[in-house]
Amino acid sequence: MIQYYNQFFEKGQQVINFNFYNLGLSADDPVYTLINILEDFDFSSLLARYSNKGRKGYNPIMLFAVLLYANMRGIRAVDRIVELCERDIAFIWLTKGEKPQRDTFYAFLNEKLTKEILEDLHYQFIRILEKKGLVTLKTLFIDGTKIEANANRYTFVWRGTVNYHLAGLLDTVDRLYLRYNQFLESQNYHKAYNLPLETMFVVEGIDKVKDIIAKNRKRKSLNLEKISNNSIIEIGNISPLKLIELQANLSRIADAEKIIFVHGKRNKKSELQKLYEAIEEASTRLLKYKEHFKLMGTDRNSYSKTDIEATFMRMKDDHMQNGQLKPAYNVQIAVENYFIIHTYISNDRTDYNTLIPVLEKHKKYLKKFPQEVTADSGYSSEANLVYLKNNNIDSYIKLQMHEKMKTRAYKNDPGKFYNMEKIITENGVHFICKDGRKLQYERSEYRNHNGYRSNFEVYACKDCSGCEFKPHCLYKYNEEKDIHKNKVMKINLLWETLKTESNNNVQSEKGILYRQIRSIQTEGHFGDIKENDNFRRFNHRTSEKVHKEFFLYAIGRNLNKYYRFAKEKIKTYEIKQKIPDYSILYIFVDVE
């Protein structure tokens, strides 16, 4: 497939070719920078998707170059790209006068340019940037934003709603089992056809759902906010099969007794047919709810029927201060020197679970971990900080309590262990509270969250009676209910140690600079993406296509940034600080 490469980059035998389209292109047009960069790419993985047999189609390198150049100009719609290939002189120069149509581009995007190939080409460009000294790959600045999915706004499915209707359905199924048994006994069918009386199947966790439904009905009458009812319910295969088995038994009886199922307004249905149809409807609904739970999984509580991989997320308020709840994807970028090193698309509403996948991509494609990571408080979790610690990555992640830790109330809270005196003896560790009372170690506990186990040590005071600080020490103190209650506190020592280390880094002179750089670089990208390029909604559906759409866009942005560096439209220089040798700390000055 070397002919594709030679044809596009005009390698091999010298041909005198006076290209008319060059006349209309300026000498410093970004399209020339694009070609110079692509010439260093290894396209073997992409060309391997094509066969040597049969007629040759459009050059895949040319199609890839056209898509990148379009994204450099902020154009993502395929129909618009097709139009520009016929009218825009830079696109005509790239295609050498050929006119690929929309089907060509869609076939290339969907069948040839896989996610893995696109990532490989992206990281080839990142390694080129590293060789040119534009990035070091030692420090990452990470942030995320939510971009609306290409899905209808009112196609939501909520776990809480499905749980509510499932609870009602199971009550209906319970009554159907009772009707079924009574029907068999009344006609003596259970003996005539050797059919056992059936008992209702059990769905684990439904009792908790019903309890919350009852509480919410009471809270509604008191004008109180509803309690979330997002318990994870799993409907096993056995449950729908049980209902299908009941239908099969009724069909067997109908065939033997020659009971005919009738339809229409004037035809009276038999009791057996009514029972059969009621069980059939319940079975259909149960299978539908099971499919809802399967699509949502255990890590999200909603999805869109139009794009089932999109999750409904709280977007930024509109100009009328109305909260926007729309199907969206969580888009993560890791930036250094304004270049997007990594992108990661998730349907998780929060940022907690996105940090580790980004760093795993760094290890996979760049064969090493970064030395430092800077992110906001949305990434602050024990699992993330443990991961950074285990891989020798310095954390500059701001804590969620960052601002609160500066307040007087935080520093003087008598109920917090960090405001108590810690005593270490031969017999163990205990704390002395503000009133001089001892809190001794009682037991250890653990908690699992998303597969991560957190360990806690529980300390308790044996007698808090008469303590003047008790109303401020106990959580949500109630004088009537908590008069005999004693202080109990749970401490996660590992988490507290990691928080202290990360907070010390953040508060250092270097950490303050890193936080400034992160806010300028990552949030600057998102501001430019959404406001200047108007990239607020994806054009494609499903996470794989969305991933490719944003990846192409990110490569286009990187090429634009590289072009501006190459043409010295952006000058970089090191910030003059007292901190020695931080070669990645840059200020960017646009000289245009």
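Structure's up top.
In this text the structure is predicted, and so the values were computed from the model without any measurement. (Residues numbered from 1 in each chain as written. Predicted model: local features only at pLDDT ≥ 70, side-chain atom pairs only at ≥ 80, totals over all residues. Heavy atoms only, no water.)

(A) Spatial organisation of the packing of helix α8 (residues 115-131) against helix α20 (residues 543-566). For the pair α8 and α20, the least separation of the axes is 10 Å and the interaxial angle reads 20 degrees. On the basis of their axis angle, the class for α8 and α20 is roughly parallel. As α8 packs across α20, the resulting crossing turns out to be left-handed. From α8, Lys115, Leu118, Glu119, His122, Tyr123, Phe125, Ile126 and Leu129 reach across to α20, where they touch Glu544, His547, Lys548, Phe551, Leu552, Ile555, Asn558, Leu559 and Tyr562. (Axes fitted to C-alpha atoms, helices over the stretch in contact; angles between N-to-C directions. Helix = DSSP H or I, 4+ residues; strand = E, 2+ residues; numbered from the N terminus. Parallel < 35°, antiparallel > 145°, perpendicular 65-115°, else oblique. Left-handed = near helix turned anticlockwise from the far one by under 90°. Contact = heavy atoms within 4.5 Å.)

(B) Local environment of the packing of helix α2 (residues 30-38) against α20. Taken N-terminus to C-terminus, the directions of α2 and α20 make an angle of 105 degrees; their axes are 10 Å apart at the nearest point. Taken together, the axis directions place α2 and α20 in an arrangement best described as roughly perpendicular. Of the residues in α20, those touching α2 at Pro30, Thr33, Leu34 and Ile37 are Leu559, Tyr562 and Tyr563.

(C) Inspection of the nonpolar core at higher detail. Among the nonpolar cores identified, the biggest contains 76 residues, and Phe64, Leu94 and Leu113 are the most heavily contacted of them. With eleven residues, the top contributor of residues to this core is helix α4 (residues 60-72). Excluding its chain neighbours within four sequence positions, the residues that come into contact with leucine 113 are Leu46, Phe64, Phe108, Leu118, Leu121, Lys548 and Leu552. Residues Leu166, Val209, Ile279 and Leu286 belong to the second largest nonpolar core, which totals 38 residues. (Core = buried A, V, L, I, M, F, W, Y, C linked by side-chain atoms within 4.5 Å. Buried < 20%, exposed > 50% of the residue type's maximum accessible area, 1.4 Å probe, protein only.)

(D) Focus on the side chain of serine 302. Residue position: serine 302 is located in strand β3 (residues 302-304). Classification of serine 302 by relative accessible area gives buried; the value is 2%. Reaching out from serine 302, the side chain makes a polar contact with the backbone nitrogen of phenylalanine 312 at a distance of 3.2 Å. Among all residues touching serine 302, those that are not within four sequence positions of it are Val157, Trp158, Met296, Ala310, Thr311 and Phe312. (Polar contact = N/O pair within 3.5 Å; in protein donor to acceptor, adjacent residues only side chain to side chain.)

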